[in-house]
Amino acid sequence: MDGDRVEIDGGIMEGGGQILRVSTALSCLLGLPLRVRRIRAGRSQPGLRPQHLSGLEMVRDLCDGKLNGGEIGSTEITFTPGKIKGGTHIADTKTAGSVCLLMQVAMPCVLFAASPSELHLKGGTNAEMAPQIDYTVMVFKPVVEKFNFTFNCDIKRRGYYPQGGGEVVVQMSPVKELSPINLTERGTVTKIYGRAFVAGALPIKLAKDMSAAAVRCIRREIRDLYINIQPVREPDDQAVGTGSGIIIVAETSTGCLLAGSSLGKRGKNADKVGIEAAEMLLQNLKHGGTVDDSLQDQLIIFMALAKGVSRVKSGPITLHTQTAIHFAEQLTKAKFTVTKSGEEDPSKDTYIIECQGIGMINPNL
């Protein structure tokens, strides 16, 4: 069997956990045995961290697969997938490792399972270097559902760095196949809303300060829109530990959603957190694309699996997206092209990501 393993170099391009997530999910879906070497070679602590390992173990369990090399710090794994089944699956990072990254690896797999799935994902809900759970619910979910599937995401408990302890339950039913998407018309911004949150030992005043600073920053660029960023204190029985942060979403007339977000940490002024998120949002609005920088790469795997041609207009292509495209093409044989968008306004740095998907059919339905 070993001669037929697909060899993946985990140290090229973005060189992080994303290579592992994309290639394991596709291995599981396509029934391709996999060997990944040089895992996270580009990182200060190379090899598997707890969140990567719990993601791999969940995919292994989802499809009754075999995983070798699954230890913390391991820089090489082999994975042999079996048949994807539904049911209840638990993944616990036991750290503040991101539940959203666990969702990224599992979701494409359970879409093609034999029966509905319920995923209990435990770890950090609002973690650095990953989308916040609020982003997943407010931006990722409504956009990715355009591929013609739905899922339910119930935030049971929030967990923050360093201890984690959050839990999210994701429920989804399998589909026969995915429809392509066409996100090329940006439209005009019709509303801006969001939430600034504090939890644990932090006073609500911090949330109000983050919100106010963000609104002031956006007002300098966008004067005529009502901006509604709710300051909230997470209920003590629904949050573990102490954390704070903000997410701001801009919705457009064509239904596009673009966001900016930031997390608080000790010694970081609340105004700075609000301003960071606002500046990220404005940056994402400036390029004229229909998706923001955080969503770009998350859509690639679904575009590759969908039936027909998907087109997405984006700002400059991130290294994460280039990496996702590289491995999606290598494993699925889907064909991606990225072209500079012929904008009327040459100052806009926009691109069209186009993909001829493979039209994956769920063999179980």
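Since this is a predicted model, take the numbers as computed values, not measurements.

Trainee: Provide a residue-level description of the packing of helix H1 (residues 17–30) against helix H3 (residues 99–111), including the pertinent values.
Mentor: The N-to-C vectors of H1 and H3 enclose an angle of 20 degrees; their axes lie 8 Å apart at closest approach. Overall, the two elements H1 and H3 adopt an arrangement that is roughly parallel. For the pair H1 and H3, the crossing hand works out as right-handed. On the side of H1, the interface is formed by Arg21, Thr24, Ala25, Cys28 and Leu29, while H3 contributes Leu101, Gln104, Val105, Pro108 and Cys109. By residue class, the composition of the contact of H1 with H3 is seven nonpolar, two polar and one charged.

Trainee: How would you sum up the layout of surface pockets? Please name residues and give values.
Mentor: The calculated volume of the largest pocket comes to roughly 1,300 Å³. Every residue lining the largest pocket is counted, 44 residues in all, and those nearest its centre are Leu101, Ala127, Glu128, Met129 and Ala130. For the lining of the largest pocket, the secondary-structure elements that each account for two or more residues are H1, helix H2 (50–62), H3, strand E14 (257–263), helix H6 (270–286) and helix H7 (293–296). Sort the elements by how many residues they give to the lining of the largest pocket and E14 lands first, with five residues. Partitioning the lining of the largest pocket into residue classes produces 13 nonpolar, 20 polar and 11 charged. A domain split of the lining of the largest pocket shows at least three residues from each of domain 1 (6–183 + 291–358) and domain 2 (189–286).

Trainee: Describe the UniProt feature "active site" (unreviewed entry) in the protein chain, listing the residues and the values that go with them.
Mentor: As annotated in UniProt, the feature "active site" (unreviewed entry) corresponds to His320 in the numbering used here. Position of histidine 320 among the secondary structure elements: in helix H9 (residues 319–332). Residues in contact with histidine 320, not counting those within four places in the same chain, are Glu14, Gln18 and Asp297.

Trainee: How would you sum up the sheet that holds strand E7 (residues 151–159)? Please name residues and give values.
Mentor: Reading across from one edge, E5-E6-E8-E7-E12 is the order of the five strands in this open sheet, with mixed pairing throughout. With partners counted over all chains shown, the strands left at the sheet margins are strand E5 (87–92) and strand E12 (239–240), one partner each. Strand direction decides the pairing type here: E7 and E12, joined by two bridges, are parallel. Pairing of glycine 159 across the sheet is with valine 240, part of E12. Of the strands in this sheet, E5, strand E6 (117–123), E7 and strand E8 (166–172) are in contact with H3, which crosses E6 at around 165 degrees. Its contacts with the sheet place helix H4 (residues 133–144) against E7 and E8, and it is angled at close to 170 degrees to E7.

Trainee: Pulling in residues and values, what's your account of the nonpolar core?
Mentor: Phe147, Phe149, Phe151, Leu178, Leu299, Phe302 and Phe336 are the most contacted members of the largest nonpolar core, which has 83 residues in total. The element best represented in this core is H3, accounting for 10 residues. Counting only domains with at least three residues in this core, you end up with domain 1 (6–183 + 291–358) and domain 2 (189–286). Setting aside its immediate chain neighbours within four residues, phenylalanine 149 contacts Met107, Leu111, Val144, Met172, Val175, Leu178 and Phe302.

Trainee: Tell me what's going on with the pattern of salt bridges, and back it up with residues and numbers.
Mentor: Inspection of the entire model under this criterion finds 24 salt bridges. In this structure, arginine 37 and glutamate 7 form a salt bridge, with 3.1 Å as the shortest nitrogen-oxygen distance. With arginine 37 in strand E2 (residues 34–37) and glutamate 7 in strand E1 (residues 6–9), this pair connects stretches of sequence that are 30 residues apart. One salt bridge connects glutamate 128 with lysine 265, and the closest N-O pair in it is separated by 3.5 Å. Residue glutamate 128 is found in the loop between E6 and H4, and its partner lysine 265 is found in the loop between E14 and H6; the two are separated by 137 residues along the sequence. Where salt bridges share partners, they join Glu7, Arg35, Arg37 and Glu76 into one cluster.

Scoring rules and cut-offs
Residues numbered from 1 in each chain as written. Predicted model: local features only at pLDDT ≥ 70, side-chain atom pairs only at ≥ 80, totals over all residues. Heavy atoms only, no water. Axes fitted to C-alpha atoms, helices over the stretch in contact; angles between N-to-C directions. Helix = DSSP H or I, 4+ residues; strand = E, 2+ residues; numbered from the N terminus. Parallel < 35°, antiparallel > 145°, perpendicular 65-115°, else oblique. Left-handed = near helix turned anticlockwise from the far one by under 90°. Contact = heavy atoms within 4.5 Å. Nonpolar A, V, L, I, M, F, W, Y, C, P; charged D, E, K, R; others polar. 1 Å grid on protein atoms, 1.4 Å probe; cavity = no way out; pocket = protein on both sides within 12 Å on 5 of 7 lines; lining within 4 Å. Points joined across faces, edges and corners; volume = space filled by probe spheres on them. Domains from an automatic or database assignment. UniProt positions renumbered as here; feature names shortened; annotations may be inferred. Pairing = 2+ DSSP bridges. Core = buried A, V, L, I, M, F, W, Y, C linked by side-chain atoms within 4.5 Å. Buried < 20%, exposed > 50% of the residue type's maximum accessible area, 1.4 Å probe, protein only. Salt bridge = Lys/Arg side-chain N within 4 Å of Asp/Glu carboxyl O.

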